[in-house]
Each structure stands twice: as structure tokens, then as C-alpha cells.
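# Residue-level structural notes
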Amino acid sequence: MKKCFLLFISIIWLLTGCNSTSEPTEKMVYDEKENVDISEKIKDLDVTNGRELLSGEEGYCNIIFFDFKQLIFVRDGDVNKELDTANALFYHYDFKSGKTGFLTEIENVSFSTQDIAILNDRVYYPLSIKTKEGLTEYILEISLDDFSNKLVKSRETDSKVTRLEATKDEIYRYYQKDLSIDETEFFIDNIGMLDMNENVIYEKYQNSSGKILVSSCVYEDKIYTYTVICGKEEQYVIEEHSLEGDLQKKYQINLTDFLKLKEVDDTDAVYRIFREGDYIILSTLNHRIKIYKISENQLLDVETLPEFEELLGARVIENYGDKNRYVYFQDCTGNNMLYVFDTKSGKISRINLIGEEIRSCNIERDVEGNIIIIAEYADNNYRYFLVVAEDITI
């Protein structure tokens, strides 16, 4: 659905309520700066030279997955005004034939996220269904072999802010549960292939104290978490865990100045963490980016593009896998700019996305680094162009 979103409101509320004492923690503090090579040259890329997909589709197609031969998208169906929900219609599009096939319809979806997982040629997509009795969380499993699908009810039906990530063999799930107005529990579970459920990391925020586990990611054989420790002064911590949840490294970082929004005299909040190569990337609610480089037992503060720290600067275009060395960032100011970060060379390149009469665009990517550019035109119509990685990273 076009209006997919995560429930960040509760996290924001918690982050503004940290004001009591907390236990002291061991600290690993970075004390050096790291520069990256920022290309001065801006490359123009005409997106309409890419292969056009979904040419027969009308309206917005929200692409949730694609690879070198196919894509899966979802669009809004009937709206239930009483419940404030919409039916979700899932489709499959085949690149070779150019044909679209209907997969399934799920009724009364209240919200969903694009934080999917890919495992054993299956797509796992979290969503919540609303009834008069309340919200229930589910995970939709779609096979990429025969496109069979099933809706699996979550064991924690009152949870929210679910994010899924996969290792080579298992799926990990981040979620939170509100116990009361000032008590929240945070979990990271190993849910295998939906047939098991083992808690590996747990934190609790209670009465303006404790830890707020804001975000997590899985990279190779490690889990990385971004946490705010509440006390007289907030502490911002990045932790490295084993897949079993054992704490292995802890880094305390100073985000006080970074989180100040000078443009609007307000304070920002980090809501996502990514591990890419030797780098850790933090993304905020206002699309601002902070990057650190892992160097032995410390994090080096990376000085990157000033645009990354500006209000509505850029967003990470997520990569569901560890096969590609490039991280893509999309400009969020309306300039249709794509930033390409080579995590091996430490170089950032800038690509100006152009195309006649394109008003704005959105970008999705696959694990290999190919992208689909969703171009919006002045007549509110959309066109979809596939651009291969070689045209972006050379």
C-alpha cells in the first residue's frame, strides 16, 4: 500500500520522557574522525533509458520485492471507513512476459511495513489487521517458486513496529509492546521460518528509566542495536550481539549536537540502524544520516556530505542482503538525487536522476544493487523504470 508506515509515535514519546537516573554502563568511545572521498562530479542518469515495467498498470504500485526476473507489489483495495483500514491487494509481475498475476487479498489492513525478510525463496511481509475487537499482527509468506502464500498469526498479537531480517537460515523479528502509558517492552526474537519463537534480546523502559531499544539490524552473524539509556542525561549506545543475543561490544556515541534541528528549533530522533560493510549507518525520523566506521574497538565519526545532516536530507534505500558493497541514499528534498556510497573504497558519488516531465520519484532496490525508479508525472500518473547496477556504480 502506498501509505505503509511504522508506528514511531510511541518511540518518540519515550525518547522525550527520559529524565531519571540510570545504572552506569561500560563505555567504548570513539575519539577520531574519518573522512570519505566525496566525488565533486555529478553524473546525470536519464531514468527513462531504463527498462520500463508495469506499463499496463494504473495508479500507484507499491513494490515490496524484486529480483532479476520478477517483482511483487501491493496496492490499496476497498476502504473500511468505520475501522480506518484498507484491503491490501498483492500481485506478481513477470519481467519476461510482462504479465501481472493476482496473488491474494487481505482485508482490513491497519498498517504494514516494508521491513520484509527474504529466506529460502520466500518473502515475509509483516502487517496488522484491525477488527472491532482490536489489532492482530500477522506475517504474510509468499513463495517465489509457485507464488503460494499463507497468512501466519503472530504469537504476540499486541505487538507493534515489527521489522524482519534474515540470516542464511533464520528470520529475526524486532518488535515492541506497550504495557501501560509509561511502560514498554522491546524484543528481538529468532522466529526461524515462522515455526519457532526464541527471545534473544529483551529491554524494558519503565517510568522514565531503563533502555529504549529503538532499532536493530542483522549483518552476517551479528545483531546490532541502537539504544537510548534514560537518565539525568540521555546516553546513546550502539551494541554488537551474537545471534544468540550475547553482548560482545558496546559503543557509546555522542549524538546531542547532531540531533538538534537548527532549522526548526527542535530535536530529532534516530529510528533505524544499518550495518553495511565496515560502516554503521543511523537514520533519523527527519531523514538525516549519521555514519560511523568500525575500527578495532572504536567507532570513527565519518564526515560525509553536509546534505546528509540537513532536515529532510536523505534516506537509506534498504538492501535485503549482504551481497552488494554499495549503499544507496535517496535525496528527500525533491531534487531527485541519488547518492552511492562504496563501502570498500569509502567514496560517495552523486547521480542526478533526470527524465522529461518527471515531477518526483521514489526508488526501490534489490540485493544485487539494481534499482526500480518509480517516476511520478504532473498528471499524477506513474511509470516504473528498471536501472541495472552497472549503470549506477561505474
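A brief report on the enclosed structure follows.

Next up on the list: the overall build of the chain. A tally of helices and strands in the chain yields two helices and 32 strands. Against the 2.2 N^0.38 benchmark of 21 Å for 394 residues, the chain shows a C-alpha radius of gyration of 21 Å, consistent with a compact globule. Principal-axis analysis of the C-alpha atoms gives the chain an extent of 60 × 55 × 40 Å. Relative to its 394 residues, the chain shows a buried fraction of 56%. Counted over contacts in the chain with a minimum sequence separation of 6, partners at least 24 positions apart contribute 47%. Of the accessible surface of the chain, which amounts to about 18300 Å², a share of 43% is contributed by carbon and sulfur atoms. Averaging the coordinates of the 45 positive side-chain charges in the chain and doing the same for the 74 negative ones gives two points 1 Å apart.

Further remarks concern the environment of L259. With respect to the secondary-structure elements, L259 resides in the loop between β19 (247–253) and β20 (260–261). Judged by relative accessible area, L259 falls into the buried class, the value being 4%. In this structure the C-alpha to C-alpha distance between L259 and T284, which are 25 residues apart in sequence, comes to 8.6 Å. In contact with L259, other than residues within four places in its own chain, are Y236, D266, T267, D268, A269, V270 and R288.

Take the pairing of strand β10 (residues 134–143) next. Most of β10 is tucked away: eight of the ten residues are buried. Sheet topology places strand β9 (residues 122–131) next to β10; ten bridges connect them, and they run antiparallel. Its bridge partner being in β10, K130 is matched across the sheet by L135. What sits between the antiparallel neighbours β9 and β10 is a turn of two residues. Bridge analysis of β10 against strand β11 (residues 149–153) gives five bridges, and the strand direction is antiparallel. By the bridge assignment, E141 is partnered in β11 with K150. Linking two consecutive strands that pair antiparallel, namely β10 and β11, is a turn of five residues; a positive phi of about 65° is found at F147 within it.

The rules we used
- Residues numbered from 1 in each chain as written.
- Predicted model: local features only at pLDDT ≥ 70, side-chain atom pairs only at ≥ 80, totals over all residues.
- Heavy atoms only, no water.
- Helix = DSSP H or I, 4+ residues; strand = E, 2+ residues; numbered from the N terminus.
- Rg over C-alpha atoms; globule rule 2.2 N^0.38 Å.
- Buried < 20%, exposed > 50% of the residue type's maximum accessible area, 1.4 Å probe, protein only.
- Contact = heavy atoms within 4.5 Å.
- Areas by Shrake-Rupley, 256 points an atom, 1.4 Å probe, with all protein chains shown as cover.
- Lys, Arg positive; Asp, Glu negative; His and termini not counted.
- Charge placed at Lys NZ, Arg CZ, Asp CG, Glu CD.
- Pairing = 2+ DSSP bridges.

From the geometry alone we can't say anything about function, so treat these as descriptive.
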